[in-house]
Amino acid sequence: MEQLERRSIGRVSFPSKGVLVVCDTQEVLHVGVRDLGPIGVGIRAEADTPNLVGKDVIMVAETLIMYADVVRQDPMADGCWSIGLTARKFSRDVLQYLFDGIEMRAKLEEELDK
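These numbers were taken from a predicted model, which means no experiment stands behind them.

Draft legend 1. View of the pairing of strand β4 (residues 56–61). Sheet analysis places strand β1 (residues 12–22) next to β4, joined by four bridges and oriented antiparallel. The residue of β4 that forms the bridge with valine 22 is valine 57. By the bridge criterion, six bridges tie β4 to strand β5 (residues 64–75) in an arrangement that is antiparallel. In the strand pairing of β5, isoleucine 58 is matched with tyrosine 67. Counted between consecutive antiparallel strands, the loop separating β4 from β5 contains two residues, among which glutamate 62 sits at a positive phi close to 50 degrees.

Draft legend 2. Spotlight on unusual backbone geometry. Not every positive phi belongs to a glycine, and glutamine 26 is a case in point at roughly 60 degrees. Structurally, the position occupied by glutamine 26 is in the loop between β1 and β2 (28–37). Overall, glutamine 26 belongs to the partly exposed group, its relative accessible area being 47%. Backbone geometry at glutamate 62 places phi at a positive 50 degrees, although glycine is not the residue there. Overall, the relative accessible area of 59% leaves glutamate 62 in the exposed class.

Draft legend 3. Representation of the environment of arginine 34 in the model. Tracing the chain through its elements places arginine 34 in strand β2. C-alpha separation for the pair arginine 34 and lysine 17, spaced 17 residues apart in sequence, amounts to 9.0 Å. Not counting residues within four places of it along the chain, the set of residues in contact with arginine 34 comprises Val12, Ser13, Phe14, Pro15, Gly42, Ile43, Arg44, Arg72, Met76 and Ser82. At 3.0 Å, the side chain of arginine 34 forms a polar contact with the side chain of serine 82.

Draft legend 4. Layout of the pattern of salt bridges. In total, this model carries six salt bridges according to the counting rule given. Taking the shortest distance from any N to any O, the salt bridge between arginine 72 and aspartate 74 comes out at 3.3 Å. Given a relative accessible area of 28%, arginine 72 falls into the partly exposed group. Aspartate 74 sits in the partly exposed class, given a relative accessible area of 35%. Each of Asp56, Asp69 and Arg88 takes part in one network of salt bridges that share partners.

The rules we used
- Residues numbered from 1 in each chain as written.
- Predicted model: local features only at pLDDT ≥ 70, side-chain atom pairs only at ≥ 80, totals over all residues.
- Heavy atoms only, no water.
- Pairing = 2+ DSSP bridges.
- Helix = DSSP H or I, 4+ residues; strand = E, 2+ residues; numbered from the N terminus.
- Buried < 20%, exposed > 50% of the residue type's maximum accessible area, 1.4 Å probe, protein only.
- Contact = heavy atoms within 4.5 Å.
- Polar contact = N/O pair within 3.5 Å; in protein donor to acceptor, adjacent residues only side chain to side chain.
- Salt bridge = Lys/Arg side-chain N within 4 Å of Asp/Glu carboxyl O.

Set out below in structure tokens:
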């Protein structure tokens, strides 16, 4: 019987600025994305970031939008936080929230252009 090759799917470095939206409070946090993979993201957050473990979040960074659970939040030596996200499948409610936000933003920009 032929043996199948097993490959590891790891994270790759992806340094960029990002935004986290906490789904239940709709609080917006500016974060630094450190690395990402197909099912998770590692981010760096400021020292005053509240405890997010167990929260649903939407993370946006450059061309990436991810719906995720916060699975860990560890202190770093400089006082900031290292936060781990695990991807979730988009629900209809979350997709509707995203599209409503995009539509509202487009309308505001149209008004500003007048």
